[in-house]
Amino acid sequence: MADIDNKDQAEMDPADMEDVEDVEEEETGEDENSKARQLTVQMMQNPQILAALQERLDGLNGSPSGYMESLPKVVKRRVNALKNLQVKCAHIEAKFYEEVHELERKYAALYQPLFDKRSEIVTAAYEPTDEECEWKTDEEEELTDEMKEKAKLEEEKKDEEKENPKGIPEFWLTVFKNVDLLSDMLQEHDEPVLKHLQDIKVKFSDPGQPMSFTLEFHFEPNEFFTNTVLSKTYKMRSEPDESDPFSFDGPEIMSCVGCTIDWTKGKNVTLKTIKKKQKHKGRGTVRTVTKTVPNDSFFNFFTPPEVPENGELDEDSEAILAADFEIGHFIRERIVPRAVLYFTGEAIEDDDDDYDEEGEEADDEEGEEEADEENDPDYDPKV
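Residues numbered from 1 in each chain as written. Predicted model: local features only at pLDDT ≥ 70, side-chain atom pairs only at ≥ 80, totals over all residues. Heavy atoms only, no water.

By the definition in use, this model includes eleven salt bridges. The salt bridge partner of Glu170 is Lys195, with a shortest N-O separation of 3.7 Å. Of this pair, Glu170 sits in the loop between α8 (145-161) and α9 (171-178) while Lys195 sits in the loop between α11 (191-194) and β1 (197-204); the two residues are 25 residues apart in sequence, bridging distant segments of the chain. With relative accessibility at 34%, the residue Glu170 sits in the partly exposed group. For Lys195, a relative accessible area of 42% puts it in the partly exposed group. Of the charged contacts, one joins Lys232 and Asp324 as a salt bridge, the two residues approaching to 2.3 Å between their closest N and O atoms. Of this pair, Lys232 sits in strand β3 (residues 229-237) while Asp324 sits in helix α12 (residues 315-335); the two residues are 92 residues apart in sequence, bridging distant segments of the chain. Owing to a relative accessible area of 0%, Lys232 belongs among the buried residues under this scheme. Residues participating in the shared-partner salt-bridge network are Glu104, Arg332 and Glu333. (Salt bridge = Lys/Arg side-chain N within 4 Å of Asp/Glu carboxyl O. Helix = DSSP H or I, 4+ residues; strand = E, 2+ residues; numbered from the N terminus. Buried < 20%, exposed > 50% of the residue type's maximum accessible area, 1.4 Å probe, protein only.)

Written as structure tokens, this is what we have:
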């Protein structure tokens, strides 16, 4: 048999042999690509490798490329001229964002009457008319008049059986619980307090003042604290840093200032009491010591770390402030303007659309791989 096989190979057309070699090379290449992809995935899932890679990239950031070093002196001189133009562009961009801030202030005044009315409806200070409550859903458009009437009667019957609530109970608490970024901050002991939250407002700095915005959390009278408003101000900068003008990418939050919460005695959810047993070294007697320690709470949001004058912070404080800035910006840009959509969950669905699409793409790729495996004569499903 071996002689016959050798004879067959010897009698094959050289062109056919070339085809066979090409196929084998292609298959080998595909295997190598597959292994490379698997190795990449494993590397990206390893936090230590990612940290080392990020450190390497941070080290490269801002360092001149070899190409730049190789340029003639006269060309480098012209590149420096371009850099000076870029700095001027950054200053013009800073002016652009200052005008954007002015526009935000102008339109905030136009939005405010609508937000005030929203607050009045939530807190039962105003009962909307039938006309204001009309809202056609896609399901209602498909129903016949008879079915609509039947559904209306059933809804009215349900309303009669229930207590008649005022306004929209727990509106803001529901918004917070529906948004991952905010729900991660909430503790179970925060919820009874946040049930008293009636409104969140955004106030912008006055014309001519340094750029900033303030978040105001308005509460109804409650048993937890005497404040009616808890506030937090974010101070921003909209000008290039002289030491690194090319890093400018619009206004950035530089610091934030919270407020003092006047807690009722025994109701401070940011503190907890713990008991520890201590044994006397000499006598051997045991005593119980009560200590008050910080407690995880949403209301720690109003006591952010202070930024020293030199601007230097430890890693923990930097991480807390970075998360704080993200939350403050998100409340200002998304939560306050679109609160009702976060209450119903519609805005959350919109935010998740991109992730769903990525998931669908991944499913498609997985399906393609499965199809390839089925068409492979050497594929063994048991392996």
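In spatial order, the strands read β1-β2-β3-β4; together these four strands make up an open sheet with antiparallel pairing. Single-partner strands in this sheet number two, and they are β1 and β4 (252-257). Strand-to-strand, the axes of this sheet are offset by a mean angle of 20 degrees, without reference to chain direction. Note that β3 and β4 share five bridges and pair antiparallel. Bridging from a neighbouring strand, Met236 pairs with Ile253 of β4. Contacting β1, β2 (212-219) and β3, helix α5 (residues 73-122) runs over the sheet at an angle of about 165 degrees to β1. The sheet strands contacting α9 are β1 and β2, and the helix crosses β1 at an angle near 75 degrees. (Pairing = 2+ DSSP bridges. Axes fitted to C-alpha atoms, helices over the stretch in contact; angles between N-to-C directions. Contact = heavy atoms within 4.5 Å.)

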